[in-house]
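# Examining the three-dimensional arrangement
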Amino acid sequence: MRKLPPLRSLQVFESAARLQHFSRAAEELCISQSAVSHQIKQLESYYGEQLFLRSTRQLQLTDKGAQLSLQLESTFNALEEVSLQITGDGNQQLRLAVYSSFAIKWLIPRLSEFRQQHPHIQIRLDMITSDPQLSDNVADMFITGQSNQNGYMHLTLHKERLIAVASPDYLQQWLNKPNASPQELIAALPSATLLTVDEGELGIDWQRWHTVNKADDSDKKQQHIFSHVLMAIEAAIAHQGIALASDFMVKGDIAAGRLVALDLPDILTGFNFNFSCKQRRQHEPALASFIQWLKRQSHSGG
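This is a predicted model, so every value here is computed, not measured.

This next bit is on the layout of surface pockets. Quantified by volume, the largest pocket comes out at close to 660 Å³. Together, 26 residues line the largest pocket, and Tyr99, Thr129, Glu199, Leu202 and Phe271 are the ones closest to its centre. Of the residues contributing to the lining of the largest pocket, the split by class is eleven nonpolar, eight polar and seven charged.

Here it is in structure tokens:
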């Protein structure tokens, strides 16, 4: 026979630890706050260990409590996921509102791995061009530039870094010097065709590049102007000039030889791609699985 602690007490403890509040745990479990306290005391008596620090104004876990909470979170998520599959409710759909550039160049190429690992979870992608309102009415989760919405958890996936790229054919035609130094490249820029993106309130990307790098932009350059960076990248692949693009967007094109990263200074724009979802929902099995997968992807070199 298994030697297990009181299972009802474990359920109450998991709720209180996750919500960091006895009264909220009582509401979630439809019991009284005194019943929550009783179950926690029963569990502490069983282990002979204090699980919560009650002397502080905010409920905090002890080291032993944190250890138990981490294990229970994983166990309860797995149990809920199995239950959903057994009852036939296992096919879950999550709506993700995401920038089209991030989806096309970063997320979609990786999604097949997530689907193989979690075939019962369906991800519906809703493309956005500007930051939407963070609300369940819009989507279950978001990848945007927002990071300070109350009631939401935020995870930074990528800090935007712009690098200059062009096709090998264009570089041969423009400079015919594969090992040019940064100084030589900057000096030759006036004769290049710059594939420029007008980012609205953020301004012109090549103008920002010249400002950040204190480079002279008084010489008139030939430019092709686009409203979206994906079009500028495709124009660069088609040998039409030099584009500025987020490093993650052109990583695959560089590896495939369609583009070359120029030895020019890059710029950090200050913009971050952030994943967001409601704090109270982040432990739902489907959401938790997607969050953990995203963390592994971003830590692997995103």
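Turning next to the nonpolar core. With 49 residues, the main nonpolar core has Phe102, Met141, Phe275 and Phe290 as its most contacted residues. Not counting the four nearest positions on each side in its chain, Phe290 is found in contact with Leu96, Leu111, Phe114, Ile123, Met141 and Phe275.

In this section: the side chain of Thr62. Following the sequence through the fold, Thr62 ends up in the loop between β2 (60-61) and α4 (63-87). On the basis of relative accessibility, which here comes to 12%, the residue Thr62 falls in the buried class. Each residue touching Thr62, except ones within four places of it in the same chain, is listed here: Gln50, Leu51, Phe52 and Leu53.

This part covers the pattern of salt bridges. The full count for this structure, using the stated rule, is 13 salt bridges. One salt bridge connects Arg18 with Glu14, and the closest N-O pair in it is separated by 2.9 Å. Here Arg18 pairs with Glu14, and both are found in helix α1 (residues 7-19), just four residues apart, close to one helical turn. Between Asp140 and Arg281 there is a salt bridge; the shortest N-O distance is 3.0 Å. Here the residue Asp140 occupies a position in the loop between β4 (121-128) and β5 (141-144), and Arg281 occupies one in the loop between β11 (267-278) and α11 (285-299), the gap between them amounting to 141 residues. Under the relative-accessibility criterion, Arg281 is labelled buried at 11%. Via salt bridges that share partners, Arg95, Asp136, Asp140, Lys278, Arg280, Arg281 and Glu284 belong to a single interconnected network.

With that out of the way, let us pick up helix α8 (residues 205-212). For α8, the set of buried residues is Asp205, Trp206, Trp209 and His210. The arc that holds the buried residues of α8, viewed along the axis, is 140°, so those residues lie on one side. Residues of α8 that are buried sit in contact with β6 (152-166), α7 (182-188), β7 (193-197), β9 (242-246) and β11. Positive phi appears at Lys214, one or two residues downstream of α8, with a value of about 50°.

Attention now moves to the pairing of β7. Most of β7 is tucked away: five of the five residues are buried. Burial of β7 is two-sided: the residues Thr193, Leu195 and Val197 facing one way and the residues Leu194 and Thr196 facing the other way are all buried. Relative to strand β8 (residues 222-226), β7 runs parallel, the two being bridged by five bridges. Within the sheet, the bridge partner assigned to Thr193 lies in β8 and is Gln222. Where β7 meets β9, two bridges bridge the pair, whose relative direction is parallel. The residue of β9 that forms the bridge with Leu195 is Ala243.

Another point: the packing of aromatic side chains. All chains considered together, the criterion is met by 17 aromatic pairs. Judged by centre distance (5.4 Å) and plane angle (55°), the ring pair of Phe13 and Phe52 falls under tilted. Taken together, the residues Phe13 in helix α1 and Phe52 in strand β1 (residues 52-53) connect sequence positions 39 residues apart. Comparing Phe13 with Phe52, the two get one shared label, buried. Ring geometry for Trp206 against Trp209: centres 5.3 Å apart, planes inclined by 65°, an arrangement best described as edge-to-face. Here the residue Trp206 and the residue Trp209 both occupy positions in helix α8, the gap between them amounting to three residues, near one helical turn. When its relative accessible area of 2% is taken as the criterion, Trp206 is described as buried. Pairwise contacts between aromatic rings join Tyr99, Phe102, Trp106, Phe248, Phe271 and Phe273 into one cluster.

Taken together, Ile104, Ile108 and Met127 make up a surface patch of nonpolar side chains, about 260 Å² in accessible area. Here Ile108 is to be found in helix α5 (residues 100-117).

Quick notes on the rules
- Residues numbered from 1 in each chain as written.
- Predicted model: local features only at pLDDT ≥ 70, side-chain atom pairs only at ≥ 80, totals over all residues.
- Heavy atoms only, no water.
- 1 Å grid on protein atoms, 1.4 Å probe; cavity = no way out; pocket = protein on both sides within 12 Å on 5 of 7 lines; lining within 4 Å.
- Points joined across faces, edges and corners; volume = space filled by probe spheres on them.
- Nonpolar A, V, L, I, M, F, W, Y, C, P; charged D, E, K, R; others polar.
- Core = buried A, V, L, I, M, F, W, Y, C linked by side-chain atoms within 4.5 Å.
- Buried < 20%, exposed > 50% of the residue type's maximum accessible area, 1.4 Å probe, protein only.
- Contact = heavy atoms within 4.5 Å.
- Helix = DSSP H or I, 4+ residues; strand = E, 2+ residues; numbered from the N terminus.
- Salt bridge = Lys/Arg side-chain N within 4 Å of Asp/Glu carboxyl O.
- Arc of directions from axis to C-beta.
- Pairing = 2+ DSSP bridges.
- Phe/Tyr/Trp six-rings, centres within 6.5 Å; stacked < 30°, edge-to-face > 60°.
- Patch = residues over 30% accessible without salt bridge, like charges linked within 9 Å, V, L, I, M, F, W, Y side chains within 5 Å.
- Areas by Shrake-Rupley, 256 points an atom, 1.4 Å probe, with all protein chains shown as cover.

Don't take any of this as a statement about function, it's just geometry.
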